[in-house]
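# Geometric and topological summary
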Amino acid sequence: MDEVTTAQSKVELRGVRLLTSAFAWMGGLALVAALTGAGQGPLHYPMAVLAVVVLSTWVVRPDGDEWWVAAAEGIIAVAAFFVLPGPQPVIGFLFGVTVRRSLRGGTTWFPVKALPALLGYLIGLGTAIGFDLHSRPVGVDALVGAIMPLVGLVIGSGALYKTVGAARLAASAHRTMSAVVQASPVGLVLLDGDGVPQLHNDRARTLLDWEAAGVVPCPHGPDISQCAHGCLRPATDPVEVRVGESGVLALHPTPVDEGTLVAVVDVSSRTRREDALRTRSERDELTGLAGRAHFLHLVERAVPGADGPVGLLVIDLDQFKEINDTEGHEAGDEYLVAAADRIRGAVGPGATAARIGGDEFAVLAPGHDVDDSGRLGERVLAALAEPLSAFGYELVIRASVGIAVSEGATTATDLLRDADTAMYVAKREGGARFRQFVPEMGEQALARQRDKVDLRAAIDDGQLVLHYQPIVDLGTGKVTGAEALVRWQRPGHGLLSPVEFIGLAEETGLIVPLGNRVLEDACDQAVRWQDRSIGVTVNVSTRQLSNSGFLQSLDRVLTTTGLRPSALTIEVTESVWADEVAMRALMSVRETGVRVALDDFGTGYSSLSYLQRYPFDVVKIDKSFTAELGESGRTAGVVRCIIDLTEVLGAVAVAEGIETPAQADWLREAGCNYAQGYLFGKPDVAENWDVQPSVIWEAKRH
């Protein structure tokens with residue numbers, strides 16, 4: 001990061017060492033010369049040799065500092081006073097060896113190893129003065145002149161020793177900090193007051209793609225120091241800048257003296273994860289369309305204060321439940337994906353398609369007025385209607401589309417509600433169509449909502465009333481059963497027939513609690529009729545049968561009431577064949593001993609293969625056939641075929657809608673087992689119900 005600074009420090013320290021070494025050599029050589037040339041007595045040559053030995057260790061072991069060398073320096077310092085005429089050469093030698101030791105010797109033992117030479121000097125000086133070795137008086141000036149250099153030496157060498165130690169600690173800390181900075185995963189760049197990089201680590205060079213020191217970019221330009229938006233000023237949140245194709249760097253500027261330290265962090269991975277999470281939150285995982293939350297946010301943004309009209313389409317797939325139940329959930333997912341792809345292709349680039357529920361989609365179309373939105377609805381239905389062959393057979397995706405267009409004061413909530421209301425109108429009309437919202441629909445929706453609330457209350461408050469219509473054995477004229485038909489005694493409206501509320505119950509899901517209440521009340525009544533051998537027939541809807549709790553409810557009712565299973569007949573229409581789940585439940589019902597009847601045979605999904613695969617105990621001939629008996633030979637032939645087919649399948653036939661004795665006679669002679677209709681009695685409450693055949697039928701038989 002700071003190679004230049006490190007190099008400069010090394011050069012300066014090397015210079016100090018060279019000067020110190022030169023001074024030490026000068027003092028050492030001067031002492032050797034003085035001992036050799038001016039020394040007296042027998043010791044001057046040995047001391048000169050010992051001094052040369054000490055100097056030679058500086059060459060042989062320049063960084064060594066043995067204890068014997070320190071002792072030799074002390075001996076030389078003492079002996080010099082005995083062989084030399086003055087102390088000056090010794091002082092120069094002491095300065096050299098002590099200062100050199102402070103720079104090059106072992107720093108730990110420096111004060112101790114410097115002590116022998118200093119003590120030797122003091123001992124020699126004291127001996128020279130005490131024994132008058134130089135045969136001249138020693139004055140104060142001479143004494144001060146001999147001692148003060150020693151004091152200066154001690155203080156100077158000690159200070160130099162501390163300075164060198166501090167320098168070494170600083171160098172060690174510097175090396176450690178440099179290693180930490182270089183190893184940091186964070187790029188660091190020190191900018192001066194002009195924004196020019198002064199220092200940087202390798203990570204910064206890599207992140208910023210520098211070959212040499214360059215400039216630090218920001219979101220507003222290539223140089224953060226020139227940014228007019230204040231990116232270089234410290235802030236709570238970092239400055240994020242994109243680099244390359246997908247890289248993102250977070251810049252954290254911090255003031256440092258007269259410059260700025262910029263920490264550079266690679267947040268590319270985090271940004272990619274955030275983008276992925278944002279995409280997942282905004283997109284439906286299965287279809288890739290916009291998700292519900294994101295779509296509602298788009299509607300909230302688009303509608304208030306829009307410059308022009310905004311169209312909204314709500315699309316509900318008509319057949320999804322049947323596909324999901326019969327083909328399985330994987331097939332259901334394929335169905336949804338296919339529908340999503342077609343909706344996406346139909347709406348074009350100016351609109352946003354979304355999946356907002358299980359099988360419910362929506363399209364936001366800014367700039368689309370009523371006509372444009374209607375054409376968009378037509379395109380969506382046409383795209384969905386293209387044959388789909390994903391399941392081994394061709395299938396057409398049917399959908400109900402509701403359209404609403406915003407006006408000046410329309411809110412997002414109102415627009416969504418209106419489109420949803422229009423969609424339900426399209427669905428009630430049979431589906432596979434679109435309807436545009438008109439205010440009258442809103443009034444109808446409110447009325448329907450009130451009906452829903454009242455119907456829920458009717459189920460809980462006992463407003464549902466059962467009327468029973470007799471089922472007669474045509475051979476004996478005896479009443480053997482009764483069909484339970486529900487009515488709604490609605491306050492303020494009178495007695496309502498099923499036609500007026502069963503559709504609402506199916507649409508809102510109330511058919512399940514309603515059907516359970518009818519089943520329970522009918523079984524209660526059947527228990528009261530058990531001594532007369534009169535069973536009850538209860539109509540059960542396909543939706544109620546496919547409900548996961550139906551079998552448990554049936555078992556609970558039979559257990560609670562004590563009714564024999566054979567005294568109860570569950571009646572369904574041919575539409576049950578289109579619901580695999582409901583059919584399996586129906587067969588499970590039959591296994592309990594409860595009888596199963598097929599109502600309105602021949603008017604819906606009649607299939608001989610279904611009759612063979614799923615056996616029924618009773619087949620009911622619809623009144624649309626029996627009404628024409630005696631008027632059409634073809635109808636009579638069809639009825640006779642149904643009776644014969646029922647017998648072959650091991651079931652019994654019940655003819656509905658019998659109003660004349662002639663119809664009853666024809667059916668009896670054709671082999672029909674049972675019949676019901678106004679001829680035998682109209683539906684009525686159990687308290688008013690006559691269990692005997694009608695007078696007209698009884699008289700005719702005799």
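Structural data are supplied above this passage.
Residues numbered from 1 in each chain as written. Predicted model: local features only at pLDDT ≥ 70, side-chain atom pairs only at ≥ 80, totals over all residues. Heavy atoms only, no water.

### Overview of the side chain of Asp318
Its place among the elements puts Asp318 in the loop between β6 (310–317) and α10 (320–327). Given the relative accessible area of 18%, Asp318 is considered buried. Only 3.3 Å separates the side chain of Asp318 from the backbone nitrogen of Ala399, close enough to count as a polar contact. (Helix = DSSP H or I, 4+ residues; strand = E, 2+ residues; numbered from the N terminus. Buried < 20%, exposed > 50% of the residue type's maximum accessible area, 1.4 Å probe, protein only. Polar contact = N/O pair within 3.5 Å; in protein donor to acceptor, adjacent residues only side chain to side chain.)

### A closer look at the packing of helix α2 (residues 44–60) against helix α3 (residues 67–83)
Running from N to C, α2 and α3 cross one another at 150 degrees; their axes reach a closest spacing of 10 Å. Here α2 and α3 pass one another in a crossing that is left-handed. Across the interface between the two elements, His44, Met47, Leu50, Ala51, Val53, Val54 and Thr57 from α2 touch Trp68, Val69, Ala72, Glu73, Ile75, Ile76, Ala79 and Val83 from α3. (Axes fitted to C-alpha atoms, helices over the stretch in contact; angles between N-to-C directions. Left-handed = near helix turned anticlockwise from the far one by under 90°. Contact = heavy atoms within 4.5 Å.)

### Some details on helix α12 (residues 370–384)
Two residues of an α-helix separated by three or four positions point the same way, owing to the 3.6 residues in each turn. With 15 residues, α12 should cover 21 Å at 1.5 Å per step; its first-to-last C-alpha distance of 21 Å lies within 8% of that length. Residues of α12 that are buried in the fold lie against β6, α11 (329–347), β8 (360–366), β9 (399–405) and β10 (433–436). At the N-terminal end of α12, a side-chain oxygen is found 3.2 Å from the backbone nitrogen of Asp371, two or three residues along, and the residue is Asp369. (Expected span 1.5 Å × (residues − 1).)

### Observations concerning the state of the cysteines
Evaluated as defined, the whole model comprises zero disulfides. The thiol of Cys218 is unpaired, and the distance to the nearest cysteine sulfur, on Cys227, comes to 3.8 Å. With relative accessibility at 4%, the residue Cys218 sits in the buried group. Cys231 takes part in no disulfide bond, and the closest cysteine sulfur to it belongs to Cys227, at a distance of 3.5 Å. The class for Cys231 is buried, based on a relative accessible area of 6%. (Disulfide = S-S within 2.5 Å.)

### So, helix α23 (residues 661–670)
Where α23 is concerned, the buried positions are Pro661, Gln663, Ala664, Asp665, Leu667 and Ala670. Of the residues one or two after α23, Gly671 is the one with positive phi, at around 100 degrees.

### Quick look at unusual backbone geometry
A positive phi angle, close to 55 degrees, is found at Ala432, a residue other than glycine. Taking relative accessible area as the criterion, Ala432 reaches 39% and is therefore assigned partly exposed. Although it is not a glycine, Asp600 adopts a positive phi angle of roughly 55 degrees. The exposure class assigned to Asp600 is partly exposed, which follows from its relative accessible area of 22%.

### What about the sheet that holds strand β2 (residues 197–200)?
Reading across from one edge, β2-β1-β5-β4-β3 is the order of the five strands in this open sheet, with antiparallel pairing throughout. In the strand order of this sheet, the two ends are held by β2 and β3 (239–243), each with one partner. Going across the sheet, the axis of each strand differs from the next one's by a mean of 30 degrees, ignoring polarity. By the bridge criterion, five bridges tie strand β1 (residues 187–191) to strand β5 (residues 259–266) in an arrangement that is antiparallel. The partner of Leu188 across the bridge, within β5, is Ala263. (Pairing = 2+ DSSP bridges.)

### Description of the side chain of Glu656
Mapping Glu656 onto the fold places it in the loop between β18 (652–655) and α23. With near-sequence residues (within four places) excluded, Glu656 lies in contact with Glu483, Glu571, Asp599, Asp600, Lys620, Ile621, Asp622, Lys623, Thr626 and Gln676.

### Describing the pattern of salt bridges
Per the counting criterion, the structure on display carries 17 salt bridges. Residues Lys620 and Glu571 are paired through a salt bridge, measuring 2.8 Å at the closest nitrogen-oxygen approach. Note that Lys620 is positioned in strand β17 (residues 618–621) and Glu571 in strand β15 (residues 568–573), a separation of 49 residues in sequence. The residue Asp617 makes a salt bridge to Arg590 at a minimum N-O spacing of 3.2 Å. With a gap of 27 residues between them, Asp617 in the loop between α20 (608–613) and β17 and Arg590 in helix α19 (residues 580–591) connect regions that are remote in the sequence. Classification of Arg590 by relative accessible area gives partly exposed; the value is 30%. (Salt bridge = Lys/Arg side-chain N within 4 Å of Asp/Glu carboxyl O.)

### Re the sheet that holds strand β7 (residues 352–355)
Across the sheet, five strands lie side by side as β7-β8-β6-β9-β10; this open sheet has mixed pairing. Where the open sheet ends on each side, the last strands, each with one partner, are β7 and β10. Between one strand axis and the next, the sheet turns by 20 degrees as a mean value, whatever way the strands run. As defined by bridge partners, β9 adjoins β10 across four bridges and the pair is classed as parallel. Across the sheet, Ile403 pairs through a bridge with Gln436, a residue of β10. Helix-sheet contacts for helix α13 (residues 412–428) involve β6, β8, β9 and β10, and the interaxial angle to β9 is about 145 degrees.

### Focus on the environment of Ala445
Along the chain, the position of Ala445 falls in helix α14 (residues 439–461). With a relative accessible area of 29%, Ala445 lands in the partly exposed category.

### Brief notes about the environment of Arg203
Among the secondary structure elements, Arg203 is positioned in helix α7 (residues 202–207). Taking the C-alpha atoms as reference, Arg203 lies 8.6 Å from Val264; in sequence the two are 61 residues apart. With near-sequence residues (within four places) excluded, Arg203 lies in contact with Ser184, Pro185, Val186, Gly187 and Asp266.

### Brief notes about the pairing of strand β12 (residues 479–490)
Buried residues dominate β12, accounting for 10 of its 12 residues. Bridging between strand β11 (residues 464–473) and β12 involves nine bridges; their strand directions are antiparallel. Bridge pairing links Gln469 to Glu483 in β12. Linking β11 to β12, which pair antiparallel, is a turn of five residues; within it Gly477 sits at a positive phi near 75 degrees. By the bridge criterion, four bridges tie β12 to strand β14 (residues 535–539) in an arrangement that is parallel. In the sheet register, Ala484 faces β14, and the bridge partner there is Val538. Here three bridges tie β12 to strand β13 (residues 494–496), and the two strands are oriented antiparallel to one another. Bridge pairing links Trp488 to Leu496 in β13. Connecting β12 to the antiparallel partner β13 that follows it, the hairpin turn spans three residues, and Gly492 within it adopts a positive phi of roughly 85 degrees.

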